[in-house]
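# Results of the structural survey
Each chain, written out:
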Protein chains: 2
Amino acid sequence: MKFTVKFLPDNKTVEVDSGSTLLLAAEKAGIIINSLCGGDGLCGECQLQVVSGNAMAEINAITFFSKYEIERGYVLACRTKVEDNLTVLIPPKSRAEQEQILLDGAAITYSEPEKPALHRRNREPAFPFDPLVKKVYLELPPPTLEDNVSDIDRITRELNKVSIYDKFEISLSCLQNLTEKLRAHHWKVTVTFARRNGGGRILEIEGGDTSDKNYGLAVDVGTTTVVVQLVDLKTGKLIGVKGSHNLQARFGEDVISRMIFACVRGSLEPVHQAVITNINHLAQALAAENHVELKDITAIVAAGNTTMSHFLLNMTPCAIRLEPYVPTTTVYPQVYARELGITINPEGILEVAPSIASYVGGDIVAGVLACGMADKPEIQCLIDVGTNGEIVIGNKEWLVCCSASAGPAFEGGGAKSGMRATKGAIEKIVIREGHVTYETIGKARPRGICGSGLIETIYELVRNHIITPDGKFDTSQVDPRLVNENGELRYVIAFASETETGEAISISESEIANLIKSKGAVFAAIKSLVDYVGLSFEQLETIYVAGGFGSSLNIPKAIGIGLIPDIDVKRIIFIGNSSLTGARLSLTSINAFEHSLKIARRMTNIELSNYTPFMNEFIAALFLPHTDAKLFPSVHYQV
Amino acid sequence: MKFTVKFLPDNKTVEVDSGSTLLLAAEKAGIIINSLCGGDGLCGECQLQVVSGNAMAEINAITFFSKYEIERGYVLACRTKVEDNLTVLIPPKSRAEQEQILLDGAAITYSEPEKPALHRRNREPAFPFDPLVKKVYLELPPPTLEDNVSDIDRITRELNKVSIYDKFEISLSCLQNLTEKLRAHHWKVTVTFARRNGGGRILEIEGGDTSDKNYGLAVDVGTTTVVVQLVDLKTGKLIGVKGSHNLQARFGEDVISRMIFACVRGSLEPVHQAVITNINHLAQALAAENHVELKDITAIVAAGNTTMSHFLLNMTPCAIRLEPYVPTTTVYPQVYARELGITINPEGILEVAPSIASYVGGDIVAGVLACGMADKPEIQCLIDVGTNGEIVIGNKEWLVCCSASAGPAFEGGGAKSGMRATKGAIEKIVIREGHVTYETIGKARPRGICGSGLIETIYELVRNHIITPDGKFDTSQVDPRLVNENGELRYVIAFASETETGEAISISESEIANLIKSKGAVFAAIKSLVDYVGLSFEQLETIYVAGGFGSSLNIPKAIGIGLIPDIDVKRIIFIGNSSLTGARLSLTSINAFEHSLKIARRMTNIELSNYTPFMNEFIAALFLPHTDAKLFPSVHYQV
């Protein structure tokens, strides 16, 4: 039996067999729908709206939609079968073209900003290029009666001449067929080896010379976004980068709700699988685009917060969530890719950046590694703003850190028009005399506002006195952009006519309150930690700001809303995704990875959750820029 | 359809379904047939003789039989189906009762002789009791906000107080469910850990206190026999011992023919599986008899020659066989039991004693460890006589070794009446004025002659001038024990009427020639090595003699046939199965195992195969006791 499916707005109609999925129907119509998970109902990227006809949607897919959306016929294309003649509307965000253009060369927004100073500072001379996994081609002298050492000793004898290790571990499976391999390839082999426990670990021995093909992945496992860089481990060159929504989002927006799913409502396995799927899809896409074979990818360094690291390794994070906040481990074992079903070379290894505590993770250790603050005599500070805000203060003598829950606001979560920092996200805003001008990522038509855009929005609203310092709209003025939507006041940044989606981009009072809470939590954490170590802001030589706000951050505006301490802006450096930078440093330099383990051992975590001064600081910070204006002497809201 | 099977000599008849195996039919008749492999056609222990009727025997089983036996209707009970009315004769050796009595307590013959001096010398103080795998019960303080280190750090913090290791490795699988386990068991857990790379390796974490149940296996993987000791790792006490034929025998009597099977005629896998089956069956039998659960066995140390060690680990031994004789490795990785399908605790580990070269294996290193010669200033010598004869000379400063192929003669192979040193084996013989008196193992009716009995036989024959010093019968004398059997002269040790099997136990001229070749090869190797290092026999403070001859060895008689150098017998110590002793030492003392690794690194192998002096020595030694009588001044053949 056959049915027709009409796709809008393309106005294309196709005929398909009864029981076909909408994803298949779209493909038949020549329309490429987003699908990160390959049609497994995991990623939620293939959302369509059925506007007429009865579609058969799988009940499981319901978790991707709000009640509002369900009532309006939203379904996942991959989980919906055609059992009737249908008319279907494709929302712009579900078109694959959008995503693909975004991830192309120039439009890459996930990589850390190119700060030559940052790179130079770290790479030379502390972290020379010396990748975590190396391939060495060996032409061995064949054995004789005078030289009949064992096959593996013959290999390690040669390896010792070219490697920093004097001892090598080798797996049983690698040994079992070694004798034939050496002889079949006339004593010419390529040895792939990693570092482990201060020695070498032979991962694979291949016949012939394959040493020109050796690649690695640096992975930032963010709560919201997973970003993967493909790196040539022969040269250290960055070849490509791709990012995607963390597929765990279906189990909850933040780490807490995902932990509740894994530990209470559901189970760990699907949450673990989701992030593995993320990494596999990104690795496959990067490999395909850059003509790299997956089997030639031999190493991964992943950095993420402690919960994400646990999910990645399929470890129960169930004691992280509740007082006294205990992770299973903070130093992660080196595992084979095959142990986790990661589809690079099965003998390839995964290292996970070490954590400090339940709420100060490997992403922060990677950030400290990347900015170099643990190696200098001057006292510096790292502020990483994501769903949690983490702060590190210290120098080469000491390091203290803390974290505070900031909510998803700065990552574009929790606000109707919020979005992650991808193509079409408004990242810069100026409001002047009622006129709004903005810039979007990729110069595209706006689709929403990312973190850096939200910071600018708040700043511009309070500077223009559209909101008062406590975050409320000043309704005494008439402003055509201040509209009432379903009984709620919203300030319109972009009208429906300007946007890609055809919906206005706006912000409400409660969304502003959320952002103020978020910035308040981050600032209170910074202030508490500075007080704890008995310093003042002025004594911080440099403040590094990291986070997924977007490709840039307007520092004066971030100070202007009271997010960052009010010190000379020259001493504040935005370093973007420093977790990813740190992961790549570790991937390409054994010294850097070893150094990150040392940094983790040196850092002292200050638990803020029960720390009274923090609660006081938080309340004091729920004001723009702060209830204590003396803390922000340079901030004056002037149009 | 049903058929009858009559079992002789029991004269029991049963009716079975068409297609039943003879093993099943015997069981039905209440007759227990030997079956080490559990009916898989691997062990060849269930041989029966079909005397009437047509039995359907699997063609594969043919490898267990000689042409003579096949013609006489010999079959494997487990591989033969009943498709006719049959009459079947059960040979005494196929009855399970025999084997089981043999392996009971007092009849154990596989353990090394109790030489208190040997044990004391090694255990104190160099090797204190400190087993390779330990279980420690921990009651952990529950975490608080002031003490919220990770779960694994909480464990290792306590472990560090009771262990010699300051660092612990832990597998991913062990970490993955650790958080629940700790909390479900209220912070009371038992940690099982091993040593690895100088640190600790956590194998398992169990809830509650299981520390009173921890066992290990010491395994001697001999070419002919596999022997397993069950050891209590809480006390170091030896609980039980069992041995069985190496099931690899079906692939060849000696290592060379097994390598040819694995590398040329057949494949490696079944040869590997055979020895795993040996170990599993012996472990199961030991565990059942001693009321030990297999999951409580957490460690195995195996010692064997280099080829056996390769077979055990499923590593191709294919370059060992041919010049220039190269093993895959001489130091074996620590593997989990589950990796090899060994059915103890799956997280339990197997360590294999390190080898020196292709023909000087871990059994010799274990022997050097056991006799303590590597720790003394005096120069000592170890002679291990098996299918190969291996010699080690040295002291705490230096160690050299060599090996020579001796053939299976001293292990009871290659002679019609030869047998391994089990119940019913003649181990002592005296011939006086034509009368033969003998002693058997277990004081049972004789079934054959084991290695020590064969040495005594040769000695007694030449002493009584029944054979001449070149090993030929002196036919000038009339001796009723010298009989002609199928055109071959044989000297009868036990007449058919005296024996368990009803067949005479005797020896032929060609069998004597084989034994002379074996002793000649061993002596030539000793002489070559002593000459190589520029010493004389008199300069050897002690000679340790190891081997599977039997439970005892008559040293003067061994000197008398020219097997062992003619030095003061007080300086010659028979140490039995020193490979097994060394394996057990390593199992019960980390220091001992580490020491064996050092011994292996220190030993220098002298390759005799192309060494001209050895060939000359060998030819000179093919005489009783030797062509150069000056080498054996104390030997005079007097009745």
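Preceding this paragraph is the structure being described.
To start, this report covers the structure provided alongside it. (Residues numbered from 1 in each chain as written. Chains lettered and ligands numbered in written order. Predicted model: local features only at pLDDT ≥ 70, side-chain atom pairs only at ≥ 80, totals over all residues. Heavy atoms only, no water.)

This brings us to the relation of the copies chain A and chain B. Superposition of the two copies of the chain requires a rotation about an axis together with a shift along that axis. The transform that puts chain A on chain B rotates by 179 degrees and translates by 0.0 Å along the axis, for an RMSD of 0.2 Å. Seen this way, the second copy is the image of the first under a two-fold rotation axis. The rotation axis passes nearest to the C-alpha of A:Asn197 in chain A, at a distance of 4.4 Å. (Least-squares fit on C-alpha atoms with pLDDT ≥ 70 in both.)

Before going further, it helps to spend a moment on the packing of aromatic side chains. This structure, assessed with the given rule, holds 20 aromatic pairs over all chains. Geometrically, the ring pair formed by B:Tyr165 and B:Phe193 is edge-to-face, given 6.2 Å between the ring centres and 85 degrees between the ring planes. Pair noted here: B:Tyr165 is in the loop between helix 5 (151-162) and strand 9 (168-170) and B:Phe193 is in strand 10 (residues 188-196), with a separation of 28 residues, a long-range link. Note on B:Phe523 and B:Phe537: the rings are 5.7 Å apart at their centroids and 55 degrees apart in plane angle, and the pair reads as tilted. Here B:Phe537 lies in the loop between helix 13 (509-532) and strand 27 (542-547) and B:Phe523 lies in helix 13, a separation of 14 residues in the sequence. In terms of burial, B:Phe523 and B:Phe537 fall into one category: buried. Taken together, A:Tyr165, A:Phe168 and A:Phe193 form an aromatic cluster joined through their ring pairs. The positively charged end of A:Arg154 is found above the aromatic ring belonging to A:Trp187, 5.9 Å away from the centroid. Lying across the ring of A:Tyr336, A:Arg338 places its NZ or CZ 4.1 Å from the centre. (Phe/Tyr/Trp six-rings, centres within 6.5 Å; stacked < 30°, edge-to-face > 60°. Helix = DSSP H or I, 4+ residues; strand = E, 2+ residues; numbered from the N terminus. Buried < 20%, exposed > 50% of the residue type's maximum accessible area, 1.4 Å probe, protein only. Lys NZ or Arg CZ within 6 Å of the ring centre and 35° of its normal.)

Take the sheet that holds strand 26 (residues 505-508) of chain A next. Residue and element names in this part refer to chain A. Read from one edge of the open sheet, 3 strands run 24-25-26, paired in antiparallel fashion. The sheet is open, and its two edges are formed by strand 24 (482-485) and strand 26, each paired on a single side. Neighbour-to-neighbour, the strand axes of this sheet turn through a mean angle of 45 degrees, independent of strand direction. Pairing between strand 25 (residues 488-494) and strand 26: 4 bridges, direction antiparallel. (Pairing = 2+ DSSP bridges. Axes fitted to C-alpha atoms, helices over the stretch in contact; angles between N-to-C directions.)

Quick look at a nonpolar patch on the surface now. A cluster of nonpolar side chains, B:Ile59, B:Ile62 and B:Ile70, forms an exposed patch at the surface whose accessible area comes to about 270 Å². In this structure, B:Ile62 sits in the loop between strand 4 (55-57) and helix 2 (67-71). (Patch = residues over 30% accessible without salt bridge, like charges linked within 9 Å, V, L, I, M, F, W, Y side chains within 5 Å. Areas by Shrake-Rupley, 256 points an atom, 1.4 Å probe, with all protein chains shown as cover. Salt bridge = Lys/Arg side-chain N within 4 Å of Asp/Glu carboxyl O.)

This part takes up the side chain of A:Asn148. Here A:Asn148 shows up in the loop between strand 8 (133-139) and helix 5 (151-162). Engagement of the side chain of A:Asn148 in a polar contact is seen with the side chain of B:Glu607, the distance being 3.1 Å. (Polar contact = N/O pair within 3.5 Å; in protein donor to acceptor, adjacent residues only side chain to side chain.)

Attention shifts here to the state of the cysteines. Two cysteines, two sulfur atoms, one covalent bond between them: this is a disulfide. Residue and element names in this part refer to chain B. For the structure shown, the criterion picks out 2 disulfides over all chains. Shown here is the disulfide that connects Cys263 with Cys318, its sulfur atoms set 2.0 Å apart. What sets the handedness of the Cys263 and Cys318 disulfide is the S-S torsion sign, and at about -90 degrees it is left-handed. Within this pair, whereas Cys263 is found in helix 8 (residues 255-265), its partner Cys318 is found in the loop between helix 10 (306-312) and strand 16 (335-336), the two being separated by 55 residues in sequence. For Cys263, a relative accessible area of 26% gives the class partly exposed. (Disulfide = S-S within 2.5 Å.)

Before going further, it helps to spend a moment on the packing of helix 13 of chain B against helix 17 (residues 612-620) of chain B. Geometry of a packed helix pair, given as the angle between the helix axes and the separation of the axes. Residues and elements named next belong to chain B. Remark: helix 13 packs on helix 17, axes separated minimally by 8 Å, with the N-to-C direction vectors making an angle of 135 degrees. Classified by the interaxial angle, the pair formed by helix 13 and helix 17 is oblique. Pair helix 13 / helix 17 crosses with right-handed handedness. Counting all contacts with helix 13, which are made through Lys517, Gly520, Ala521, Ala524, Ala525, Lys527, Ser528 and Asp531, the residues of helix 17 involved are Pro613, Phe614, Glu617 and Phe618. Residue classes in the contact of helix 13 with helix 17 are distributed as 6 nonpolar, 2 polar and 4 charged. (Parallel < 35°, antiparallel > 145°, perpendicular 65-115°, else oblique. Left-handed = near helix turned anticlockwise from the far one by under 90°. Contact = heavy atoms within 4.5 Å. Nonpolar A, V, L, I, M, F, W, Y, C, P; charged D, E, K, R; others polar.)

Glancing now at the interface of chain A and chain B. Each side of the interface is counted separately: chain A has 42 residues, and chain B has 41 residues. Both sides together, the interface formed by chain A and chain B hides about 3200 Å², and carbon and sulfur atoms give 59% of it. The largest contributions to the chain A side of the interface with chain B come from A:Leu145, A:Leu172 and A:Thr328, which together make up 19% of the buried area. The tally of links from chain A across to chain B stands at 2 salt bridges. The residue A:Glu169 makes a salt bridge to B:Arg196 at a minimum N-O spacing of 2.7 Å. Taken together, the connections running from chain A to chain B amount to 22 residue pairs in polar contact (both at pLDDT 80 or more). Elements with a contribution of two residues or more to the side of chain A that touches chain B: helix 5, strand 9 (168-170), helix 6 (172-176), helix 7 (178-184) and helix 11 (337-340) of chain A. Residue contributions to the side of chain A that touches chain B peak at 4 residues, all from helix 7 of chain A. (Buried area = accessible area lost by both parts, 1.4 Å probe.)

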